[in-house]
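Survey of secondary and tertiary structure
One-letter residues, chain by chain:
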Amino acid sequence: MKPILQNLVEMTGHRDHLRLEVSVLSTLQKLSSITEVRALELFTDAGVPYVRPRTWVDNGQLVSTDSEAAADPRREPLDNYPALRGCVDTHGESALASPRKGRYVLWLPVWMHDKVSTCLEITQSRPFSAHKLDVLMGVFQVYQNYQSLLDYSERDALTGLFNRKTFDEQFSRHTMSGLASRTSAANESLVADESPVANEHEPVQQWLAVVDIDHFKQVNDRFGHLYGDEVLILIANILRSSFRSHDRIFRFGGEEFVVLLRSTTLSTAHKVFNRFRLAVQEYNFPQVGRVTVSLGFVCTTKGSPVEILGQADQALYYAKEHGRNQVCFYDDLVANGHLAAKVANDDVELF
Ligand SMILES: Nc1nc2c(ncn2[C@@H]2O[C@H](COP(=O)(O)OP(=O)(O)OP(=O)(O)O)[C@@H](O)[C@H]2O)c(=O)[nH]1
């Protein structure tokens, strides 16, 4: 039992979901008779449920992918795993596959806010004994509880979106990995492989948008803070339904939100940001009626996190000063002479 305890201590030392996942798999892998461990990601694409490996053992090492799930060539329809599909549909705790050729597979879905996006898969060469299942479930429970604690610390209490602290961590990591992929020739094929097919004239890139509710102070002043809070919750819901699951949405504080749009072209970015703006404009907010948002966005490939955020903010304030309820792209504003490009200042470091 001692090695398991040591592994649990190591596992709960992580402050990152993916590292925690690797750590739990490494713990499970060390148990006797286990031949294979994987973490599967469950997601839907065009209404069809899929599953793909996110962490698995390769040459004796646990490896993970952070690539876009929908574009992963290893994805399979969830229907290929009937026992797991049945378990997910019935909100089950675990599922055992029918044994095939001496392979016994156990699935443990990770339920979070009544949703499942991760499932651990444990394979062994003989049937799972009751004692073994007890040990596995014990380790899994610790992992699941710790995942939800981590999740809680990463989110804003009012809207359930990721908070500013999480943005700071994820965005600096995102810009660092972007820099690495641009400077490392070895990484180029990986990045190309993981991105959706680009239009030959339009590169696929990442985009950062800052969203701010227009005249939100008036909402609070006229209807009170409770209605103001409800507007924030409803806009967070519209944000969640307007973007894809691998995009990231943060509440930055007050009535300001940030969206990180992954792997898409400039024209698609314009389209989806405007689609979100129109969805807000058309929504009938209880008591309050109509609310609008302004949005400034920029590509995340050039500059430090501070510069990128500053440029999106400049575009947002341009939108605010020129009528609100609109989407402005920083590069267009600079190209048309409406904004002066900010001079890069590598000395400034806020992250
Ligand atoms: N209800 C509620 N209000 C908040 C919260 N956080 C910030 N606010 C309010 O958001 C308002 C922001 O007002 P301003 O920064 O003046 O901006 P605005 O009225 O939206 O005007 P523009 O941005 O110029 O369109 C203030 O009244 C804050 O009190 C919150 O969590 N709940």
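Going by the annotation in an unreviewed UniProt entry, the name recorded for the protein is diguanylate cyclase, with Acidovorax kalamii given as the source organism. For the record of the protein, the UniProt heading Catalytic activity (unreviewed entry) holds the text "2 GTP = 3',3'-c-di-GMP + 2 diphosphate".

A separate point is the overall build of the protein. Helix and strand counts for the protein come out as 11 helices and 12 strands. Every one of the 351 residues in the protein was classed for burial, and the buried ones make up 28%. In the protein, the share of contacts with a sequence separation of at least 24, taken over all contacts with a separation of at least 6, comes to 59%.

Orientation of helix α8 (residues 225-242) relative to helix α9 (residues 266-282), taken along the N-to-C sense of each, is 145°, at an axis distance of 10 Å. When you trace α8 past α9, the crossing you get is right-handed. Across the interface between the two elements, Ile-235, Ile-238, Leu-239 and Ser-242 of α8 pack against Val-272, Arg-275, Phe-276, Ala-279 and Val-280 of α9. Across the contact of α8 with α9, the residue classes tally to 7 nonpolar, 1 polar and 1 charged.

This part takes up the sheet that holds strand β10 (residues 256-264). Strand order in the open sheet formed by 5 strands is β9-β10-β8-β11-β12, and the pairing between neighbours is mixed. Edge positions in the sheet fall to β9 (248-253) and β12 (327-329), since each has one partner strand and no second. On average, adjacent strands in this sheet sit at an angle of 20° to one another, irrespective of strand direction. By the bridge criterion, 7 bridges tie strand β8 (residues 205-213) to strand β11 (residues 293-299) in an arrangement that is antiparallel. The partner of Ile-213 across the bridge, within β11, is Val-293. On the sheet, α9 packs against β8, β10, β11 and β12 and is oriented at approximately 165° with respect to β11.

What follows covers the nonpolar core. Membership of the largest hydrophobic core comes to 45 residues, with the highest contact counts inside it found for Leu-208, Ala-209, Val-259, Phe-297, Ala-312 and Ala-315. If we ignore the near neighbours within four places in the chain, the residues touching Leu-208 are Val-258, Leu-260, Phe-297, Val-298, Thr-300, Ile-308, Leu-309 and Ala-312. Listed in part, the 26 residues of the second largest apolar core include Met-11, Val-105, Leu-108 and Leu-136.

The subject of this paragraph is the environment of Ile-233. If you trace the backbone, Ile-233 turns up in helix α8. Among all residues touching Ile-233, those that are not within four sequence positions of it are Leu-158 and Thr-159.

On to unusual backbone geometry, then. Note: most residues except glycine have negative phi, and most peptide bonds are trans. For His-91, which is not a glycine, the phi torsion comes out positive at approximately 60°. Inspection of the secondary structure assignment puts His-91 in the loop between α3 (82-89) and β5 (95-96).

Lining the immediate environment of the ligand, one finds 16 residues, of which Asp-214, Phe-216, Lys-217, Gly-228 and Gly-254 sit closest. Breaking the shell around the ligand down by element, the ones donating at least two residues are β8, α7 (216-223) and α8. If you tally residues by element for the shell around the ligand, the top one is α8, at 4 residues. Tallied by class, residues from the shell around the ligand come to 4 nonpolar, 5 polar and 7 charged.

In this section: the packing of helix α2 (residues 17-29) against helix α4 (residues 130-154). With their axes 11 Å apart at the nearest point, α2 and α4 run at an angle of 170° to one another. By the angle between their directions, the pair α2 and α4 is classed as roughly antiparallel. Contacts from His-17, Leu-20, Val-24, Thr-27 and Leu-28 of α2 reach α4 at Leu-136, Val-139, Tyr-143, Tyr-146, Gln-147 and Leu-150. Split by residue class, the contact of α2 with α4 holds 8 nonpolar, 3 polar and no charged.

As a further point, take helix α10 (residues 305-321). The terminal C-alpha atoms of α10, which comprises 17 residues, lie 24 Å apart, in line with the 24 Å expected from a rise of 1.5 Å per residue. Gly-323, located one to two residues past α10, shows a positive phi value of around 110°.

Moving on: the environment of Gly-92. Note that Gly-92 resides in the loop between α3 and β5. For Gly-92, a count of 16 C-beta atoms within 10 Å corresponds to the partly exposed category.

A few words now on the pairing of β10. By the criterion of burial, β10 is predominantly enclosed, with 7 of the 9 residues buried. Pairing between β8 and β10: 7 bridges, direction antiparallel. Among the inter-strand pairings, Val-211 is bridged to a residue of β10, identified as Phe-257. Across 5 bridges, the pairing between β9 and β10 is antiparallel. Bridge pairing in β10 places Gly-253 opposite Glu-256. Hairpin connection between β9 and β10: a loop of 2 residues separates the two successive antiparallel strands, and Gly-254 in this loop has a positive phi of roughly 50°.

The next thing to look at is the pairing of strand β3 (residues 61-64). Both strand β2 (residues 48-58) and β3 contribute to a ladder of 4 bridges, which runs antiparallel. Along β3, the bridge assignment pairs Thr-55 with Ser-64.

Parameters at a glance
Residues numbered from 1 in each chain as written. Predicted model: local features only at pLDDT ≥ 70, side-chain atom pairs only at ≥ 80, totals over all residues. UniProt positions renumbered as here; feature names shortened; annotations may be inferred. Helix = DSSP H or I, 4+ residues; strand = E, 2+ residues; numbered from the N terminus. Buried ≥ 20, exposed ≤ 12 C-beta atoms within 10 Å, placed from the backbone. Contact = placed C-beta atoms within 7 Å. Axes fitted to C-alpha atoms, helices over the stretch in contact; angles between N-to-C directions. Left-handed = near helix turned anticlockwise from the far one by under 90°. Nonpolar A, V, L, I, M, F, W, Y, C, P; charged D, E, K, R; others polar. Pairing = 2+ DSSP bridges. Core = buried A, V, L, I, M, F, W, Y, C linked by C-beta atoms within 7 Å. Near = placed C-beta within 6 Å. Parallel < 35°, antiparallel > 145°, perpendicular 65-115°, else oblique. Expected span 1.5 Å × (residues − 1).

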